[in-house]
Amino acid sequence: MPIHIHQIKESFFNALEGREWMPFDDYLEWALYDSVIGYYTQKKLRVGKSEDSDFYTSTSLQSSVWGQLLIQASCSLLSHGHPDEFVFVEIAAEPGESSLGNLPHPFQAIKTIRLGDPFNIPEKAIVFSNEWLDAQPFKRFRFDPMAKKWGEIGVTWQEGKWMEVILPSQAETLDLTSTFPQKLNIAYTVDWPTGAENALDELFRKPWRGLFITFDYGLDRERILNDFPDGTGRAYLRHQLNHDILADPGSKDITCHLCWNEVREQLELAAFTNIELQSQESFFMRHAPRKIQEIIENKSSPVKEVRALKELIHPQHLGQKFQVLHGWR
């Protein structure tokens, strides 16, 4: 049942805690994860190809191919030890879903961490996520071409709707935006994935060792700061792209591109080695070639498996839409 607008407004003002506004990332934390109206906390169909869902990803394919490719790729990337020494940990799977499902596997065990579960990682683990990082809140900054300075964007309720406001300058804002371009002639917007950085910090502080693999979409720093004047933040509802992020909170997915340079640096600081970024197509072609060959050459392979394989690795489908970053420590 849709949440009534009065409930949404009441929840928003409770989240304000007496303030006139909240930072953009606080607004997104509320819109996505609030216990009352949050998009990810509601019992609804979010992921899949159904008309009732909002977006689909590699896990949406009704086939075991995704899991089979993940198993072989994970095993091929283990720098030390045998697969049966490691627990395969999937972060942020949808309720009732698991990438490996009931497939036979060589790992010590499979562990799935969903929203609200304790964030415990076994000592030796293969930590895997698919579109976990892009689901985190992000900060929004905008350059004022007249004042020649960056300002942080916040959100308030005015004139019967949620609106953006420029927040008072803070040391944290000045520190982050000091590395942004300073000689712009337009009101350039940057959506910076601070939530993803915080999530990785929490994950990497934990004393586990093994393999980290994340599938997501992102850009390098220079493209974020020079090629997207309106920012990379966007929303999805019923498979339609929506740039009005503030409207109808709780009803749609909100996301922005990761900055791959920053993610790579976080892995390096956390003592990861053998760090590599590839397209999803290149990743599976390099690390799961035998499984790909087996599916293609096996004349008894179900049609849906061959179709799923093509969608996962074809450059015009998911093969180039997603990138894969992995590293070992």
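Quick summary incoming for the structure in this document.

### Things to note about helix α1 (residues 5-16)
The terminal C-alpha atoms of α1, which comprises twelve residues, lie 16 Å apart, in line with the 16 Å expected from a rise of 1.5 Å per residue. For α1, the set of buried residues is I8, S11, F12 and L16. Taken down its axis, α1 places every buried residue within 145° of arc, on the same side. Exposed residues lying more than 90 degrees from the buried face of α1 are H6, E10 and N14. Two residues or fewer past α1, E17 is found with a positive phi of approximately 55°.

### Concerning the pairing of strand β9 (residues 209-216)
Buried residues dominate β9, accounting for seven of its eight residues. Summarising the sheet, strand β4 (residues 124-130) and β9 pair through seven bridges and their orientation is parallel. In the strand pairing of β9, A125 is matched with G210. In the sheet, β9 pairs with strand β16 (residues 323-328) via six bridges, with the strands oriented antiparallel. Paired with L211 across the two strands is W328, which belongs to β16.

### Topic: the nonpolar core
Within the largest apolar cluster, 32 residues are counted, with the highest numbers of intra-cluster contacts made by L69, I126, I213, F215, F283 and F284. When contributions to this core are tallied by element, the ones reaching two or more residues are α3 (65-77), β4, β9, α8 (280-287), α9 (289-297), α10 (303-313) and β16. Other than its neighbours up to four places away in sequence, I213 contacts S74, L77, I126, V127, F128, S129, F283, V324, L325 and H326. If you look at the next biggest cluster of nonpolar residues, it comprises 25 residues, including F119, W132, L203 and I275.

### Overview of the sheet that holds strand β12 (residues 240-242)
One open sheet accounts for three strands, arranged β12-β11-β13; its pairing is antiparallel. Edge positions in the sheet fall to β12 and β13 (253-255), since each has one partner strand and no second. For this sheet, the mean inter-axis angle between neighbouring strands, taken without regard to orientation, is 30°. Here three bridges tie strand β11 (residues 234-237) to β13, and the two strands are oriented antiparallel to one another. Looking at β13, one finds that A235 is bridged to I254.

### Some remarks on the packing of aromatic side chains
Overall, the coordinates contain 30 aromatic pairs when judged by the stated rule. On the numbers, 5.4 Å between centres and 25° between planes, the contact of F88 with F107 is stacked. Residue F88 is found in strand β2 (residues 87-91), and its partner F107 is found in the loop between β2 and β3 (109-113); the two are separated by 19 residues along the sequence. Taken individually, F88 and F107 each receive the classification buried, so the pair is uniform in this respect. Here the aromatic rings of F215 and F283 are separated by 5.5 Å at their centres, their planes lie at 85°, and the arrangement is edge-to-face. Of the two residues, F215 sits in strand β9 while F283 sits in helix α8, which places them 68 residues apart along the sequence.

### Some words on the sheet that holds β3
The sheet built from six strands is open, its strands ordered β3-β2-β4-β9-β16-β15 with mixed pairing. Each edge of the open sheet is held by one strand with a lone partner, namely β3 and β15 (273-279). Between one strand and the next, the sheet's axes are offset by a mean angle of 15°, whatever the strand orientation. Contacts from α3 reach β2, β4, β9 and β16 within the one sheet, and its direction differs from that of β9 by about 140°.

### Observations concerning α3
Counted at 1.5 Å a residue, the expected span for α3 with its 13 residues is 18 Å, and the 18 Å between its end C-alpha atoms agrees. The element α3 is largely enclosed, with a buried count of eleven among its 13 residues. Within α3, burial applies to V65, W66, G67, Q68, L69, L70, I71, Q72, A73, S74 and L77.

### Focus on the pairing of strand β8 (residues 189-192)
Neither face of β8 is exposed, since T189 and D191 on one face and V190 and W192 on the opposite face are all buried. Pairing geometry for strand β5 (residues 139-144) and β8, over four bridges, is antiparallel. Bridge pairing links R142 to T189 in β8.

Rules behind the numbers
Residues numbered from 1 in each chain as written. Predicted model: local features only at pLDDT ≥ 70, side-chain atom pairs only at ≥ 80, totals over all residues. Heavy atoms only, no water. Helix = DSSP H or I, 4+ residues; strand = E, 2+ residues; numbered from the N terminus. Expected span 1.5 Å × (residues − 1). Buried < 20%, exposed > 50% of the residue type's maximum accessible area, 1.4 Å probe, protein only. Arc of directions from axis to C-beta. Pairing = 2+ DSSP bridges. Core = buried A, V, L, I, M, F, W, Y, C linked by side-chain atoms within 4.5 Å. Contact = heavy atoms within 4.5 Å. Axes fitted to C-alpha atoms, helices over the stretch in contact; angles between N-to-C directions. Phe/Tyr/Trp six-rings, centres within 6.5 Å; stacked < 30°, edge-to-face > 60°.

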